[in-house]
Amino acid sequence: MQMHSLKSNYIKVLEEDGGISFGGNQGWVIKDSSAKRSKNNIIRAFGCGLISAVDILSYLEQKDNAPGEKTDAERKDAAEEYISLDHYREKINEFERIHFHVSYWLGIPGTRLARKMNRFFRKKKLPYRAKWGMSGKKLLPRLKEMLDADIPATLGIGPGFFRKDRLGLYVTKLDKEGEIEYGNLRYSIKRRGTTKDHYVTVTGIIEDDERTLLEISSWGRKYYIDYNEYTAYVKKCDNYIFSNILYIRKLDK
């Protein structure tokens, strides 16, 4: 079995019910009942790309601004701090207003997401560059490359126009002692929901001889996507224009 994962803990937000999220959630933006197409309602409906960008950039800033060299364990300990829900909401609004713009129905197209990311990197003097899209054969190797470099990845699950098919979302089953059992990936996960026309953030990859799972953050929760199901969805219902990744690489000093 092979695993590729981030070196620090992913973004965690303290929710109103006291729970701890796994990444951000556009549904946390307060609904505006006075205007259907208000900025808040547009973010709630079409802001998944914005959330992925906020989380990735927050993660990169967090780890790159940490003083001195740290071990993996020390970096995980440093990332134990939770972000308050109010602070995260402020961050969503700030990023949307200053760095990104979420459009009605379109959200943030992948090419625009890459362009805005690069503008942010230059402004903050972060040593990264982003590019949207690549061939299907390169997609999984590039995801592994990013995770090995401690960089989360935005993954697009395209709209599949005129198709009703959706991509499965899975959660892990636990053994009797409450531990995740990865001995056989075929039997250690269960389907919890489906999605399409959505951006998620890839935070890990787990592989065995039978299956490749992408660990993702979506709607503030941890899910898994079967990579073979993803590629089958793209070939049947969509294309690699919409269903692709935001490839981010760190520049040589």
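Just so we're clear, the structure is a prediction, and the values are computed from it rather than from any experiment. (Residues numbered from 1 in each chain as written. Predicted model: local features only at pLDDT ≥ 70, side-chain atom pairs only at ≥ 80, totals over all residues. Heavy atoms only, no water.)

1. Structural notes on the overall build of the chain
A count of helices and strands for the chain gives seven helices and eleven strands. Across the 253 residues that make up the chain, the buried fraction comes to 52%. The long-range share in the chain, meaning contacts at least 24 apart out of those at least 6 apart in sequence, stands at 71%. For the chain, the exposed area adds up to about 13,300 Å²; of that, 48% sits on carbon and sulfur atoms. (Helix = DSSP H or I, 4+ residues; strand = E, 2+ residues; numbered from the N terminus. Buried < 20%, exposed > 50% of the residue type's maximum accessible area, 1.4 Å probe, protein only. Contact = heavy atoms within 4.5 Å. Areas by Shrake-Rupley, 256 points an atom, 1.4 Å probe, with all protein chains shown as cover.)

2. Some details on empty space enclosed by the protein
As enumerated under the stated definition, the model contains one cavity of 30 Å³ or more in all. Roughly 80 Å³ of internal volume is contained in the largest cavity. Together, 14 residues line the largest cavity, and I51, Y199, S217, S218 and W219 are the ones closest to its centre. For the lining of the largest cavity, the elements supplying multiple residues, two or more each, are α2 (48-64), β8 (198-207) and β9 (212-218). Class assignment of the residues belonging to the lining of the largest cavity gives a composition of five nonpolar, eight polar and one charged. (1 Å grid on protein atoms, 1.4 Å probe; cavity = no way out; pocket = protein on both sides within 12 Å on 5 of 7 lines; lining within 4 Å. Points joined across faces, edges and corners; volume = space filled by probe spheres on them. Nonpolar A, V, L, I, M, F, W, Y, C, P; charged D, E, K, R; others polar.)

3. A word on the pattern of salt bridges
By the definition in use, this model includes nine salt bridges. A salt bridge links R221 to E15; the nearest nitrogen and oxygen atoms lie 3.0 Å apart. Of this pair, R221 sits in strand β10 (residues 221-226) while E15 sits in the loop between β2 (13-14) and α1 (39-46); the two residues are 206 residues apart in sequence, bridging distant segments of the chain. Judged by its relative accessible area of 12%, E15 falls in the buried class. Residues E215 and K222 are paired through a salt bridge, measuring 3.7 Å at the closest nitrogen-oxygen approach. Via salt bridges that share partners, E16, D86 and R89 belong to a single interconnected network. (Salt bridge = Lys/Arg side-chain N within 4 Å of Asp/Glu carboxyl O.)

4. Re the side chain of N118
Within the element layout of this structure, N118 appears in helix α5 (residues 110-124). Excluding residues that lie within four positions of it along the chain, N118 makes contacts with Y128, R129 and A130.

5. Some words on the confidence of the model for the chain
The predicted model of the chain averages 91 in pLDDT, with 88% of residues at 70 or higher. Of all the helices and strands in the chain, helix α3 (residues 72-78) carries the lowest mean pLDDT, 50, while strand β5 (residues 153-157) carries the highest, 98. (pLDDT = per-residue confidence, 0-100.)

6. Considerations on the pairing of strand β4 (residues 128-132)
Side chains of β4 alternate between two faces, with Y128, A130 and W132 buried and R129 and K131 left unburied. Here five bridges tie β4 to strand β11 (residues 245-250), and the two strands are oriented antiparallel to one another. Bridge pairing in β11 links K131 to Y247. (Pairing = 2+ DSSP bridges.)

7. Observations regarding the nonpolar core
Side chains of a nonpolar character, in soluble globular proteins, are inclined to be buried together. By size, the foremost hydrophobic cluster in this structure holds 65 residues, and its most contacted members are M117, F121, I225 and I248. Looking at which element gives the most residues to this core, the answer is α2, with nine residues. Y170, I189, L213 and Y224 belong to the second-largest nonpolar core, a separate cluster that totals five residues. (Core = buried A, V, L, I, M, F, W, Y, C linked by side-chain atoms within 4.5 Å.)

8. Digging into the packing of α1 against helix α4 (residues 85-99)
In a packed pair of helices, the relevant descriptors are the angle between the two axes and the axis-to-axis distance. Put simply, α1 and α4 touch, their axes get as near as 12 Å, and they point 100° apart. With respect to each other, α1 and α4 are oriented roughly perpendicular. On the side of α1, the interface is formed by K39, N40 and I43, while α4 contributes I92, N93 and E96. For the contact of α1 with α4, a count of residues per class yields two nonpolar, two polar and two charged. (Axes fitted to C-alpha atoms, helices over the stretch in contact; angles between N-to-C directions. Parallel < 35°, antiparallel > 145°, perpendicular 65-115°, else oblique.)

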